[in-house]
Amino acid sequence: MAKAKPHLFTIGYEQTPAKAVLDELEHAGVKLLVDVRAIAASRRAGFSKRQLAAGLDERGIGYIHLRGLGTPKEGREAVRSGDVAKMSKIYHDHLKTAQAREEMDQLAALVRDAGPVCLLCYERDHHHCHRHFIAEIIEDREHVTVENLVAPQV
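Residues numbered from 1 in each chain as written. Predicted model: local features only at pLDDT ≥ 70, side-chain atom pairs only at ≥ 80, totals over all residues. Heavy atoms only, no water.

**Q** Help me understand the nonpolar core, please; the structure alone is not making it clear to me.
**A** One broad trend across soluble globular proteins is that nonpolar side chains are buried collectively. The biggest cluster of nonpolar side chains holds 25 residues, and the ones touching the most others in it are Leu-8, Val-34, Leu-69, Leu-107, Leu-119, Ile-134 and Ile-138. Put simply, the parts of the chain that give this core at least two residues each are strand S2 (32-35), helix H4 (84-94), helix H5 (98-113), strand S4 (117-121) and helix H6 (131-142). Per-element tally for this core: the top contributor is H5, with six residues. Residues within four places of Leu-8 in sequence aside, it is in contact with Val-111, Val-117, Leu-119, Ala-135, Ile-138, Val-144, Thr-145, Val-146 and Glu-147. If you look at the next biggest cluster of nonpolar residues, it comprises 18 residues, including Val-21, Leu-33, Phe-47 and Leu-149. (Core = buried A, V, L, I, M, F, W, Y, C linked by side-chain atoms within 4.5 Å. Buried < 20%, exposed > 50% of the residue type's maximum accessible area, 1.4 Å probe, protein only. Helix = DSSP H or I, 4+ residues; strand = E, 2+ residues; numbered from the N terminus. Contact = heavy atoms within 4.5 Å.)

**Q** What is the right way to read the pairing of S4 from this model?
**A** One face of the sheet, then the other: side chains in a regular strand alternate in exactly this way. Of all the five residues making up S4, five are buried; the element is thus mostly covered by neighbouring parts of the structure. Side-chain alternation along S4 places Val-117, Leu-119 and Cys-121 on one buried face and Cys-118 and Leu-120 on a second face that is also buried. Looking at chain direction, strand S1 (residues 7-12) and S4 are connected through five bridges and run parallel. Within S4, the position partnered with Leu-8 by the bridge is Val-117. (Pairing = 2+ DSSP bridges.)

Laid out in structure tokens, this is it:
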């Protein structure tokens, strides 16, 4: 019998309460959340590293922070100014760094071995977030199915 094709989810928490994101992850069957923010802190309740990890743990979902896959400061500034093309260039250059390459390898192994994995970042629309670049790379490299989750806004 053929092994099921690995699945990779992505989700952003912009304008969404923590409970809605956690519910969406649990409903999708996610086993591991991979935080791909450069800085795992948030002004939004429930999304700073320790709070997020605790909320996930209560639902039986693991947590890992791969900060080397986060967008560098100048890329985040480009997004805030509305220059997604500039962010894209900055991020693609960043992916050539040793830390980003190493963490991409780590992510690929997690996707293969850890059950359904989900990438988390801030932007609600994955097209405006660096996580879609990560997902595309892993999709091509590991032949996974990628699905972008969207938790309901409340």
